[in-house]
Amino acid sequence: MTRLFAMAGYVYQSAAAIILIFALSHLLPAAAYTSFSFTLASSQLLCVLMFEWLQLAGLRFLAAAREKEAARLRWSLFAAGLSSAGALVVIGSCASLASALPTGIIALGLGISVLQGLTDLYFLSVRLSDRLGIASFLLAFRATALLAGAAAGAAISGTAEAALLGVSAGHALGLVAALAAYRTPLERVSLQTMLADWGDFSRYGMLAAAASVIHLSVPVLLRIIVIGRLGATGAGAGFSIALDLLQRPFWVLNAAIHTVSYPEVVNDFEHGTGAKSVQSARRMFEFMICTTLVLLGGLVGFIPDAARILVPHESLGGFLETAPAIAAFYFLHTHLQATIAVVPHLEKLATRLVLVAAGQLAIVVALSLVAASAGLSPRGAVNCASLATLATILVALGPTLRFEAFPRGSLVAQALVAAILIGSLGSMPTEPAAWLGGKIVIAALATAIIAWRGDFLMLTRRS
């Protein structure tokens, strides 16, 4: 039941993020929403740049550590996190002197990066202290605080700055709640031991984090290329809404699966037999591939109907034109960044991760620039980015194939059929309400069948 609760918490977090995007698209003018969206995306990029190496190192080392060793590693991890936060503030403040952006926007972006990085790091330590239920509750609480804070700021002031201030407050509340809910065991260590731990963290974590930064840069640069052509218009806002909205379900689902399954995969890889390691990795691959397939079908089938109700009229055309292509892009981008990277992470092949990410970035930017120069629509530019990402996946498959943790073909085929079925529901009318209800029931049944067939929550572990 704890795993079920954890997945429900991540679904709630995703739903809250989607509601926030729709709410802000109504509460903020198109130009203000575009500014908010770009600032938030940039702050998340900074967060990954400064804290992702610690997230990845903590997940890789803490998941396989015994109790006493874990307490020592947490002390070193938190000390490194505070140091990264200080460095981000100092470097960001100095860099802001040469920026044309308003000082308030820059300060809020830096604050969000610091608060999100420290909060995520503490949430990770709670999860890896075998407190999955508490960690899931904290994630849901923070999602609620982010939704309430950003929506309140936008409603009161109607500016991007006010909405960003609400996001900062949401992260701060999440961190305070985490500290109150559970104090992770710590063991103070000497400076020499801490520096040795930092060396271990950095050798693996910084290269792995560099790959994450590069992957995160792909949609940011794609946004810059397309918005540079469209400008701060309704079509540009619609594209930004689609880019913000459709990354969330994939990102949250991937985070949920990693939270539930990846610590077990790491532990089996480090301490189990070869067969057990392959089996746990196979289950995780099945989980990721099948659920994201069904999610892609759901987005294609239902997001257009929801958009006609929730997306502002001036942005609706740009949203509907690009949403299906962006959903397909994020499906591929998620699997390149997460699924294809599992085995290299286990084997600590961090340099390979960087090369793969850099290859994707170079090809995506090149093809998108060519598409924009040739006058292709934003959808055409996104399709080019998807083709580039698919090509990178095929090139990067080597370690995963050699590991031989192959998902069951029959299960993947069933998930594909379910995704096609759910996606085809988008061609059905939503009026009267009975039709919409019927579509929801069909999609829910198809999703439940795939979840049961794959035993994804492992309520009854397969032998």
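Residues numbered from 1 in each chain as written. Predicted model: local features only at pLDDT ≥ 70, side-chain atom pairs only at ≥ 80, totals over all residues. Heavy atoms only, no water.

A word on the overall build of the chain
Part 1 of the reasoning: On a plain count of helices and strands, the chain comes out with 16 helices and zero strands.
Part 2 of the reasoning: Against the globule reference of 23 Å for 463 residues, the chain gives a C-alpha radius of gyration of 22 Å, in line with a compact fold.
Part 3 of the reasoning: By its C-alpha atoms, the chain is 60 × 55 × 40 Å across when sized along the principal axes.
Part 4 of the reasoning: By residue count, 55% of the 463 residues in the chain fall in the buried class.
Part 5 of the reasoning: In the chain, of all internal contacts separated by at least 6 residues, the share reaching a separation of at least 24 is 85%.
Part 6 of the reasoning: Accessible area for the chain stands at about 19,400 Å²; split by element, carbon and sulfur atoms hold 70% of it.
Part 7 of the reasoning: Charged side chains of the chain number 28 positive and 21 negative; the gap between the two group centres comes to 3 Å. (Helix = DSSP H or I, 4+ residues; strand = E, 2+ residues; numbered from the N terminus. Rg over C-alpha atoms; globule rule 2.2 N^0.38 Å. Buried < 20%, exposed > 50% of the residue type's maximum accessible area, 1.4 Å probe, protein only. Contact = heavy atoms within 4.5 Å. Areas by Shrake-Rupley, 256 points an atom, 1.4 Å probe, with all protein chains shown as cover. Lys, Arg positive; Asp, Glu negative; His and termini not counted. Charge placed at Lys NZ, Arg CZ, Asp CG, Glu CD.)

Describing the packing of helix H9 (residues 274-310) against helix H15 (residues 409-424)
Part 1 of the reasoning: In the contact formed by H9 and H15, the axes pass within 7 Å of each other and the chain directions differ by 10°. Here H9 is positioned roughly parallel relative to H15, judged by the angle of their axes. Two secondary-structure elements touch here, H9 through Glu286, Ile289, Cys290, Leu293, Val294, Gly297, Gly298, Val300, Gly301 and Phe302 and H15 through Leu411, Val412, Ala415, Leu416, Ala418, Ala419, Ile422 and Gly423.
Part 2 of the reasoning: Partitioned by chemical class, the residues of the contact of H9 with H15 number 13 nonpolar, four polar and one charged. (Axes fitted to C-alpha atoms, helices over the stretch in contact; angles between N-to-C directions. Parallel < 35°, antiparallel > 145°, perpendicular 65-115°, else oblique. Nonpolar A, V, L, I, M, F, W, Y, C, P; charged D, E, K, R; others polar.)

With respect to helix H12 (residues 350-373)
Part 1 of the reasoning: Taking 1.5 Å per residue, 24 residues should reach 34 Å; H12 reaches 35 Å between its end C-alpha atoms and fits that length.
Part 2 of the reasoning: Among the residues making up H12, those that are buried are Ala350, Leu353, Val354, Val356, Ala357, Gln360, Leu361, Val364, Ser368 and Ala371.
Part 3 of the reasoning: Looking one or two residues beyond H12, the residue adopting positive phi is glycine 375, at roughly 85°. (Expected span 1.5 Å × (residues − 1).)

What about the nonpolar core?
Part 1 of the reasoning: Core analysis: the biggest nonpolar cluster contains 125 residues, and Leu24, Leu28, Phe36, Leu245, Leu246, Phe319 and Ile326 have the highest contact counts within it.
Part 2 of the reasoning: Here the element with the most residues in this core is H9; it accounts for 13 residues. (Core = buried A, V, L, I, M, F, W, Y, C linked by side-chain atoms within 4.5 Å.)

A few points about a nonpolar patch on the surface
Part 1 of the reasoning: Side chains of Phe38, Leu221 and Ile224 sit close together on the surface and give an oily, nonpolar patch of about 220 Å² of accessible area.
Part 2 of the reasoning: Mapped onto the elements, isoleucine 224 comes out in helix H7 (residues 191-230).
Part 3 of the reasoning: Owing to a relative accessible area of 41%, isoleucine 224 belongs among the partly exposed residues under this scheme. (Patch = residues over 30% accessible without salt bridge, like charges linked within 9 Å, V, L, I, M, F, W, Y side chains within 5 Å. Salt bridge = Lys/Arg side-chain N within 4 Å of Asp/Glu carboxyl O.)

Here we look at the environment of arginine 74
Part 1 of the reasoning: Structurally, the position occupied by arginine 74 is in helix H3 (residues 67-96).
Part 2 of the reasoning: Taking the C-alpha atoms as reference, arginine 74 lies 47 Å from lysine 439; in sequence the two are 365 residues apart.
Part 3 of the reasoning: Those residues in contact with arginine 74 that lie beyond four places of it in its chain are Leu62, Ser125, Leu128, Ser129, Thr184, Pro185 and Leu186.
Part 4 of the reasoning: Among the polar contacts made by the side chain of arginine 74, one reaches the side chain of serine 129 at a distance of 3.1 Å. (Polar contact = N/O pair within 3.5 Å; in protein donor to acceptor, adjacent residues only side chain to side chain.)

What about the side chain of glutamate 286?
Part 1 of the reasoning: Tracing the backbone through its elements, the reader meets glutamate 286 in helix H9.
Part 2 of the reasoning: Taking relative accessible area as the criterion, glutamate 286 reaches 1% and is therefore assigned buried.
Part 3 of the reasoning: A polar contact of 2.8 Å, which involves the side chain of glutamate 286, links it to the side chain of arginine 408.
Part 4 of the reasoning: In contact with glutamate 286, not counting residues within four places along its chain, are Thr291, Pro407, Arg408, Leu411 and Phe456.

So, the packing of aromatic side chains
Part 1 of the reasoning: Per the stated rule, a full pass over the model turns up seven aromatic pairs.
Part 2 of the reasoning: Ring geometry for phenylalanine 250 against phenylalanine 331: centres 6.4 Å apart, planes inclined by 65°, an arrangement best described as edge-to-face. Taken together, the positions of phenylalanine 250 in helix H8 (residues 234-271) and phenylalanine 331 in helix H10 (residues 313-339) put the pair 81 residues apart, joining distant regions of the chain.
Part 3 of the reasoning: Phenylalanine 331 gets classed as buried once you look at its relative accessible area, which sits at 14%.
Part 4 of the reasoning: A ring pair is formed by phenylalanine 329 and tyrosine 330, whose centres lie 5.3 Å apart and whose planes are at 55°; its orientation type is tilted. (Phe/Tyr/Trp six-rings, centres within 6.5 Å; stacked < 30°, edge-to-face > 60°.)

Notes on unusual backbone geometry
Most peptide bonds are trans, and most residues other than glycine sit at a negative phi.
Part 1 of the reasoning: The backbone of lysine 348 sits at a positive phi, close to 60°, despite the residue not being glycine.
Part 2 of the reasoning: Locating lysine 348 in the fold gives a position in the loop between helix H11 (342-346) and H12.
Part 3 of the reasoning: Look at glutamate 404: it is not a glycine, yet its phi comes out positive at around 65°.
Part 4 of the reasoning: Residue glutamate 404 is classed as exposed on the basis of its relative accessible area, which comes to 54%.

From the geometry alone we can't say anything about function, so treat these as descriptive.
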